[in-house]
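Working through the structure, step by step
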Amino acid sequence: MVKINGEKIHADGKNILEILADMDYSEKRVAVELNKQIVPKSKYSDTTLKDGDSVEIVKFVGGG
Amino acid sequence: MVAGNIPSREEVYQALVERHGENLQRKLSRVSVAVCGLGGLGSNIAVLLVRAGVWNIHIIDFDKVDISNINRQQYFIEQIGQYKTNALYENLLKIMPYADIKRTCVKLSENNIPAVLENADIICEAFDNAESKAELVNCVLEKMPEKYLVSSSGMAGFGDTNLIKTKQITEKFYMCGDGESDIADGMGLVSTRVAVCAGHQAHKVIQIINGSVEND
């Protein structure tokens, strides 16, 4: 199980890009932290989640 | 104080020391805060900070003041058409002539963010465009992990202001806003709700500075 934004989800073996697509996030409007470390955008497809990982997806919407 | 006379730097500084104490005020006046984007969020953040005694502020924007900004941004009607960096520079110094305000009229992107923000201790992301927000935050987190970063997402519309929160994401990265209310959904930006979010961001900056005093 992987914790994504505090919720436990079966996402083991998926990479960050797949998770973003599954959860309907736009890749250009997020920042992703894996176990409290920023994941560079260039590493999204190479970063595979494993059991016990904790992911925080910060979503940006317009307005300011 | 006689009306019209501007008090000396020392008098103004002492008035702030009376509120904050010597140690906190010394920090407030020295810590360098960059405000990226000078719209409804950034212009309010800068005004709040300079009033609170933060005297070292770097304001950054590429845009000019527009008639549509007057509903929520800290500009005067006669400043329409001026670069926001110049207009806000003038307004901040009118509030606090002893503040050290640096202005950079540039569109921030991955290529220039590290150079422009090099000297900031704390960075406020205050853009309006979602992709620009994400670009700045990702760039700072990846390339400048030593900086504090206070960003925001979700403050459009007429929704309850109590939905706007400050959330700590990692040790030095904070997010303010409701996380959801998107200008793209047709909601306008209302001065009150944008100001609440700007208040969250500015207050987090002050808390970070206060925390650094307590940890000395």
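Overview of the structure. (Residues numbered from 1 in each chain as written. Chains lettered and ligands numbered in written order. Predicted model: local features only at pLDDT ≥ 70, side-chain atom pairs only at ≥ 80, totals over all residues. Heavy atoms only, no water.)

Attention now goes to the pairing of strand β5 (residues 54–59) of chain A. Residues and elements named next belong to chain A. When strand β1 (residues 2–4) meets β5, the two strands line up parallel, connected through two bridges. The partner of K3 across the bridge, within β5, is S54. As defined by bridge partners, strand β3 (residues 30–34) adjoins β5 across five bridges and the pair is classed as antiparallel. Its bridge partner being in β5, V32 is matched across the sheet by I57. (Pairing = 2+ DSSP bridges. Helix = DSSP H or I, 4+ residues; strand = E, 2+ residues; numbered from the N terminus.)

The next subject is the environment of B:D128. Relative to the elements of secondary structure, B:D128 occurs in the loop between β4 (122–125) and α6 (130–143). Placed 115 residues apart in sequence, B:D128 and B:Y13 show a C-alpha to C-alpha distance of 34 Å. With sequence-adjacent residues up to four places away left out, B:D128 is seen in contact with A:V61, A:G62, A:G63, A:G64 and B:K133. (Contact = heavy atoms within 4.5 Å.)

A pair of packed helices can be characterised by two numbers: the angle between their axes and the separation between those axes. Residue and element names in this part refer to chain B. Put simply, helix α1 (residues 9–20) and helix α2 (residues 22–30) touch, their axes get as near as 7 Å, and they point 125° apart. Between α1 and α2, the interaxial angle falls into the category oblique. Classified by chirality, the crossing of α2 by α1 is right-handed. Across from Y13, L16, V17 and H20 in α1, the residues of α2 making contact are E22, L24, Q25, R26, L28 and S29. Residues of the contact of α1 with α2, tallied by class, amount to five nonpolar, three polar and two charged. (Axes fitted to C-alpha atoms, helices over the stretch in contact; angles between N-to-C directions. Parallel < 35°, antiparallel > 145°, perpendicular 65-115°, else oblique. Left-handed = near helix turned anticlockwise from the far one by under 90°. Nonpolar A, V, L, I, M, F, W, Y, C, P; charged D, E, K, R; others polar.)

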